[in-house]
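The residues making up each chain are set out below.
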Amino acid sequence: MSAPTENLKEYSQQELAAQPIGAWTGQAYRRVVGAIRDQLAVENLTQPHWWTLNHASGAPGTWTRATLTDRLTPYDDQNTDFDAIYDDLIARGWLAEDATGGMTLTEEGEAGRLRARERNLRVHHQTHEGIPEADFVTTINVLRRMVANLGGNGNLPEEPK
């Protein structure tokens, strides 16, 4: 799954500074998210499935349909019917709901989450190939600042409680 970088040209700082950030962030988004979605599709999963599996695994029984939907909706770009996602995972035997609506992964669900995690880690490693950690951190901080400058939330997502 390695991407060829041998033809990656070098440019002057002035040439790079003149580049349209929206075009490059859009291209990066489409490539990264596309690669993740392709890998999840191998398990017949979508990103909302993946998000659900991770949240339910990280805080078993804590998330309800309503609280998880509220948490995930800001990240969704596909107008996802989250109830259909939860119903699908329940029908697969990957997710269970208790009497209070708390969702927990089953053994099958955890096994599926771990398989999908391995696939996503391959995309993560490919994406970071040849990029020093300090450069990656600088990139994230620059993007955070741009988001904040344009009125968005530049803070990292909070961990579930």
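Higher on the page you've got the structure.
The shown structure was predicted, so the numbers you read here are calculated from the model rather than taken from an experiment.

*Asks:* Help me understand the packing of aromatic side chains in this model?
*Replies:* The way to describe two aromatic rings as a pair is by their centre distance and the angle between their planes. For the structure on display, the rule yields one aromatic pair. Above the ring of W94, the side-chain terminus of R92 is found at 5.1 Å from the ring centroid.

*Asks:* Explain a nonpolar patch on the surface here, please?
*Replies:* Together, I21, I131, F136, V137, I140, V142, L143, M146 and L156 make up an exposed nonpolar region whose accessible area comes to about 700 Å². In terms of residue count, helix α7 (residues 133–149) provides more of the nonpolar patch than any other element does, six residues in total. Among the secondary structure elements, M146 is positioned in helix α7. Relative accessible area serves as the criterion here: at 31%, M146 is assigned to the partly exposed category.

*Asks:* Please explain the packing of helix α3 (residues 47–58) against helix α4 (residues 65–72) as it appears in this structure.
*Replies:* Packing of α3 against α4 brings their axes to within 11 Å, and their N-to-C directions diverge by 120°. With respect to their mutual orientation, α3 and α4 come out oblique. Seen along the crossing, α3 lies across α4 with a hand that is right-handed. Each of W51, T52 and H55 in α3 lies in contact with α4, whose residues at this interface are L68, R71 and L72. Here the residues of the contact of α3 with α4 sort into three nonpolar, two polar and one charged.

*Asks:* What am I meant to see in the environment of G101 here?
*Replies:* Structurally, the position occupied by G101 is in the loop between β1 (95–97) and β2 (103–105). With a relative accessible area of 17%, G101 lands in the buried category. A sequence separation of 39 residues divides G101 from T62, and the C-alpha atoms of the two residues are 8.8 Å apart. Every residue in contact with G101, bar those within four places of it in the chain, is listed here: W63, T64 and R65.

Conventions adopted
- Starting afresh in each chain, residues are numbered from 1 along the sequence in its written order.
- Since the coordinates come from a predicted model, pLDDT governs what is reported: local features require at least 70, and pairs of side-chain atoms require 80 or more to be given and counted, while whole-chain, interface and lining totals use all residues.
- Hydrogen atoms and water are omitted, and side-chain values are computed over all heavy atoms in the structure.
- In this scheme Phe, Tyr and Trp rings, the latter by its six-membered ring, pair at centre separations within 6.5 Å, and the angle between planes marks the pair as stacked below 30 degrees, edge-to-face above 60, and tilted otherwise.
- Counted as over-ring charges are cases with an Arg CZ or a Lys NZ within 6 Å of the ring centre that also lie within 35 degrees of the ring normal.
- Residues enter a patch when their relative accessible area is above 30% and they make no salt bridge; the linking distance is 9 Å between like charges and 5 Å between nonpolar side chains (Val, Leu, Ile, Met, Phe, Trp, Tyr).
- Reported accessibility uses the Shrake-Rupley method at a 1.4 Å probe radius. Residues are deemed covered only where the shown protein chains occlude them.
- A pairing counts as a salt bridge when a side-chain nitrogen of Lys or Arg comes within 4 Å of a carboxyl oxygen of Asp or Glu.
- Numbering goes from the N terminus for both helices and strands, where a helix is a DSSP run of H or I of at least four residues and a strand is a run of E of at least two.
- We call a residue buried when its accessible area falls under 20% of the maximum for its residue type, exposed when it is over 50%, and partly exposed in between, using a 1.4 Å probe and counting protein chains only.
- The angle between two axes is taken between their N-to-C directions and runs from 0 to 180 degrees, where each axis is a line fitted to C-alpha atoms and a helix contributes only its stretch in contact.
- Small angles under 35 degrees read as roughly parallel and large ones over 145 as roughly antiparallel, with 65 to 115 read as roughly perpendicular and the rest as oblique.
- Handedness of a crossing follows from how the near helix is turned relative to the far one, being left-handed for an anticlockwise turn of less than a right angle and right-handed for a clockwise one.
- What makes two residues a contact is simply this: any of their non-hydrogen atoms within 4.5 Å.
- Nonpolar residues are Ala, Val, Leu, Ile, Met, Phe, Trp, Tyr, Cys and Pro. Charged residues are Asp, Glu, Lys and Arg, and all others, Gly as well, are polar.

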